[in-house]
Amino acid sequence: MTKAIEVKDLWKVYGPRKENVPLDQPEKLSKMEEKREAVVAVRDVSFSVDSGEVFVVMGLSGSGKSTLIRCLMRLVEPTAGSINMNGEDVSSLSNQELTQFRRNAAAMVFQHYGLLPHRTVLENVSFGLNLKKVPRREREERARELLSTVGLEGWDNYYPANLSGGMQQRVGIARALASDPPILLMDEPFSGLDPLIRREMQEEMVDLHQKTNKTIFFVTHDLDEGMRLGDRMAVMRGGSFVQVGTPEEILDDPADEYVARFVQDKKEMFQEAEKENKGKQDRKGLTEDVS
Amino acid sequence: MFPDAWEFSIARWINDFTNWLLTTFSAFFDALSGIILSLLLNIHSGLETIPWWIYILAIALTAFFTTKKIGLTIVLSILPVIVGLFGLWDLAIETIAIVLTAVVIAIIIGIPLGVIMAEFKRMEGLGRPILDAMQTMPSFVYLIPTMMLFGLGKVPAVLATVIYAVPPVIRLTNLGLRQVSQEVQEAALAYGATRFQLLKEVRIPLAMPSILAGVNQTTMMALAMVVIASMIGGGGLGYEVLVSINRIDVGRGFEAGISVVILAIVIDRLTQGFAKRFEPPSN
Ligand SMILES: Nc1ncnc2c1ncn2[C@@H]1O[C@H](COP(=O)(O)OP(=O)(O)OP(=O)(O)O)[C@@H](O)[C@H]1O
Ligand SMILES: [Mg+2]
């Protein structure tokens, strides 16, 4: 099977300049971390994602998920390591090549939607096509098509501020699909939504994935969401991947205590009761425990 | 007493230097002066041909459609009539012509400078202290260099006004561009916006309210400077104020002063209402 994303030995250290990060001297680096001169947000991460797979990265706040997903698009410049996406060596692209890559190979969905407040829904969806100079009529036609895919037909001329959070994120998803990229990167896309809408959006995402078969790299801090959506999952802590596997593998055989604590409640929930509501309360308690 | 022997004057050197500048770059100064003068004359004669009641009508309509407040609309439409009743209408138009010319030039210079400051960190480091210095400098100071290079008349008056009034539009363009939400900018980059596209499609439109606030402040400062610039030949209401001060004619000075204030209020309100229209929709 072809790999859609291949990441090897990826590091991102905030603070010092790239060339002043002593990656080859771990003691020196941890001293810099202690003195708060450097923040290691992504620590020697390697993984690969098959084409058509949904790969979930789960971790608590500050574990480096956003940094990792931004490195894939080079919105954050990695300190070291290689990134290969869709057959392209992302880490070595020139500025122009990077622009082309972002326009065609992958699209991103943001937690706070990242919509342009001064543009209508239709203009937001066709934003990427507009940057590519696709003729107006063509891009608007495509945008309308996608608005109906995400269930927002007729909202063309509204502004993001007129829409609810869930609707705004639908716009965000439609925008990501507009140029039909093989890879979607989603950074906690449903975290800002209330539980019911969230559930609904998750189900729609599963449908969408079945229809389009895109590769999806999905970041979340919610174990439940990760389990529901992911073909495979990585648990992230302090910038490293602590465990990678299918949701079942992680549930049955947590790699260390950290993962076990994460999973514990989930297991109990399965054993104890089918009752959805109970599980939710438990998980709330869990998040507080761990953090 | 300060010792006489220590006295030392640089006035002669500066005069020599100015003369040298003028003879060496005379073609440049003539051309610049010609452009500004023709811009001013065109604007002035354009403004003069418009009948007074059209101004009132235009003010009323703009005020109503930008603010939707009837009381304010009535006040803003009546105020300019007072200027006419004082017999100062033509002088007010002359003043507006100078202000408008200065503001147009300030915008042409100021917005690109603000963009450059926002795009290049180093330029901001360079620009900030200069702008700070310019804004703390008393306005009279600007009369000296412009007068040195352009003598007396409308052109140096316009130029002094431009120099005095340009900082806010530069500053607020820079500030507005920098304040655009990082997340929105990041999203635009993620969809493959080039640096230029980011500026044109995202940063400038979203900075527009701030840029227009800068234009508004620049206009207000230009209006304040016009009175001072009349000392080197600006003409208009400012000259009227100047003459009344010289003749200690309090009544006449008061009328002219009130007229300047009226212009300021009307222009301020109208440009503010206009700027509001550029704010992106919010809930
Ligand atoms: N621009 C930056 N400069 C310095 N440190 C940063 C920067 N961005 C993030 N960090 C640090 O890197 C670490 C990882 O941050 P990141 O945003 O990737 O975490 P996250 O897992 O996405 O968290 P959250 O769930 O809160 O979004 C944090 O400790 C954070 O403080
Ligand atoms: Mg994050």
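Predicted, not measured: the structure shown is a model, and the values here were computed from it.

### Here's the deal with the overall build of chain B
Okay, step 1: In terms of helices and strands, chain B carries 12 helices and zero strands.
Okay, step 2: Mapped in sequence order, the helices and strands of chain B form the string α-α-α-α-α-α-α-α-α-α-α-α.
Okay, step 3: Taking the principal axes of its C-alpha atoms as reference, chain B extends roughly 70 × 50 × 40 Å.
Okay, step 4: Of all 283 residues assigned to chain B, the portion counted as buried reaches 44%.
Okay, step 5: If you take every contact in chain B between residues at least 6 apart in sequence, the share linking residues at least 24 apart comes to 78%.

### A closer look at the domain arrangement of chain A
Residue and element names in this part refer to chain A.
Okay, step 1: With domains assigned, chain A is organised as domain 1 (3-105 + 184-290) and domain 2 (115-180).
Okay, step 2: The C-alpha-based centres of domain 1 and domain 2 are spaced at 27 Å.
Okay, step 3: Contact with domain 1, which involves 13 residues of that partner, is made by 12 residues of domain 2.
Okay, step 4: As a salt-bridge pair, Arg170 and Glu204 come within 2.8 Å of each other at their nearest N and O atoms.
Okay, step 5: Across the domain 1-domain 2 interface, the total number found is seven residue pairs in polar contact (both at pLDDT 80 or more).
Okay, step 6: Among the secondary structure elements, those contributing two or more residues to the side of domain 1 that touches domain 2 are α3 (95-104), β7 (183-187) and α8 (195-212).
Okay, step 7: For the side of domain 1 that touches domain 2, the leading source of residues is α8, giving five residues.
Okay, step 8: Grouping the constituent residues of the side of domain 1 that touches domain 2 by class yields eight nonpolar, one polar and four charged.

### Re the site of ligand 1
All names here are of chain A.
Okay, step 1: Around ligand 1, a shell composed of Tyr14, Val39, Ala41, Leu60, Ser61, Gly62, Ser63, Gly64, Lys65, Ser66, Thr67 and Glu188 is seen.
Okay, step 2: Taking Ser61, its side chain carries an N or O atom lying 2.6 Å from an oxygen atom of ligand 1.
Okay, step 3: Sort the elements by how many residues they give to the shell around ligand 1 and helix α2 (residues 65-72) lands first, with three residues.
Okay, step 4: Its residues placed into classes, the shell around ligand 1 shows four nonpolar, six polar and two charged.

### Some thoughts on a negative patch on the surface
Okay, step 1: On the surface, Glu248, Glu249, Asp252 and Asp253 of chain A cluster together into a patch of negative charge.
Okay, step 2: With a relative accessible area of 59%, Asp252 of chain A lands in the exposed category.

### Quick notes on the interface of chain A and chain B
Okay, step 1: Taken together, the contacts link 28 residues of chain A with 20 residues of chain B.
Okay, step 2: Interface of chain A and chain B: buried area, both sides summed, is about 2,000 Å²; carbon and sulfur atoms make up 62% of it.
Okay, step 3: Ranking the residues of chain A by area buried against chain B places His118, Leu131 and Ala161 of chain A at the top, with a combined share of 24%.
Okay, step 4: Taken together, the connections running from chain A to chain B amount to two salt bridges.
Okay, step 5: Across the salt bridge formed by Glu186 of chain B and Arg70 of chain A, the nearest N and O atoms sit 2.6 Å from each other.
Okay, step 6: At the junction of chain A and chain B, the tally comes to nine residue pairs in polar contact (both at pLDDT 80 or more).
Okay, step 7: Counting residues per element, the ones that place at least two in the side of chain A that touches chain B are α3, β6 (106-109), α5 (127-131) and α7 (165-177) of chain A.
Okay, step 8: The element best represented in the side of chain A that touches chain B is α5 of chain A, accounting for four residues.
Okay, step 9: When grouped by side-chain class, the residues that make up the side of chain A that touches chain B number 14 nonpolar, eight polar and six charged.

### Quick word on the pairing of strand β1 (residues 3-14) of chain A
Residue and element names in this part refer to chain A.
Okay, step 1: Inspection of the sheet shows β1 paired to strand β2 (residues 39-50) by eight bridges, in the antiparallel sense. What sits directly across from Tyr14, in β2, is Val39.
Okay, step 2: As paired elements, β1 and strand β4 (residues 80-85) share five bridges and run antiparallel to each other. Bridge pairing in β4 places Trp11 opposite Ala80.

### Quick look at the sheet that holds strand β10 (residues 240-245) of chain A
Residues and elements named next belong to chain A.
Okay, step 1: Read from one edge to the other, the open sheet built from six strands follows the order β6-β7-β8-β3-β9-β10, with strand pairing classed as mixed. Each having just a single partner strand, β6 and β10 make up the two edges of the open sheet. Across the sheet, the mean angle from the axis of one strand to that of its neighbour is 15 degrees, orientation sign disregarded.
Okay, step 2: With five bridges connecting them, β7 and strand β8 (residues 215-220) associate as parallel partners. The partner of Ile183 across the bridge, within β8, is Thr215.

### A look at the nonpolar core
It is characteristic of soluble globular proteins that their nonpolar side chains tend to be buried jointly.
Okay, step 1: Ranked by size, the top nonpolar core spans 93 residues in total, and within it Ile5, Phe47, Met85 and Phe217 of chain A carry the most contacts.
Okay, step 2: It is α7 of chain A that provides the largest number of residues to this core, a total of six residues.
Okay, step 3: Here this core spans two domains, and each of domain 1 (3-105 + 184-290) and domain 2 (115-180) of chain A adds at least three residues to it.
Okay, step 4: Dropping the residues within four chain positions of it, Phe217 of chain A is found in contact with Ile5, Phe47, Val49, Phe55, Val57, Leu68, Ile69, Leu72, Leu184, Leu185 and Met186 of chain A.
Okay, step 5: Of all hydrophobic cores here, the second largest spans 57 residues; its members include Ile43, Val155, Ala157 and Ala160 of chain B.

### Some details on empty space enclosed by the protein
Residues and elements named next belong to chain A.
Okay, step 1: According to the stated counting rule, one finds one cavity of 30 Å³ or more in the structure shown.
Okay, step 2: Space inside the largest cavity adds up to approximately 40 Å³.
Okay, step 3: For the lining of the largest cavity, the elements supplying multiple residues, two or more each, are α3 and β6.
Okay, step 4: Taken together, the residues of the lining of the largest cavity break down into three nonpolar, two polar and three charged.

Definitions and cut-offs
Residues numbered from 1 in each chain as written. Chains lettered and ligands numbered in written order. Predicted model: local features only at pLDDT ≥ 70, side-chain atom pairs only at ≥ 80, totals over all residues. Heavy atoms only, no water. Helix = DSSP H or I, 4+ residues; strand = E, 2+ residues; numbered from the N terminus. Buried < 20%, exposed > 50% of the residue type's maximum accessible area, 1.4 Å probe, protein only. Contact = heavy atoms within 4.5 Å. Domains from an automatic or database assignment. Salt bridge = Lys/Arg side-chain N within 4 Å of Asp/Glu carboxyl O. Polar contact = N/O pair within 3.5 Å; in protein donor to acceptor, adjacent residues only side chain to side chain. Nonpolar A, V, L, I, M, F, W, Y, C, P; charged D, E, K, R; others polar. Near = heavy atom within 4 Å. Patch = residues over 30% accessible without salt bridge, like charges linked within 9 Å, V, L, I, M, F, W, Y side chains within 5 Å. Areas by Shrake-Rupley, 256 points an atom, 1.4 Å probe, with all protein chains shown as cover. Lys, Arg positive; Asp, Glu negative; His and termini not counted. Charge placed at Lys NZ, Arg CZ, Asp CG, Glu CD. Buried area = accessible area lost by both parts, 1.4 Å probe. Pairing = 2+ DSSP bridges. Axes fitted to C-alpha atoms, helices over the stretch in contact; angles between N-to-C directions. Core = buried A, V, L, I, M, F, W, Y, C linked by side-chain atoms within 4.5 Å. 1 Å grid on protein atoms, 1.4 Å probe; cavity = no way out; pocket = protein on both sides within 12 Å on 5 of 7 lines; lining within 4 Å. Points joined across faces, edges and corners; volume = space filled by probe spheres on them.

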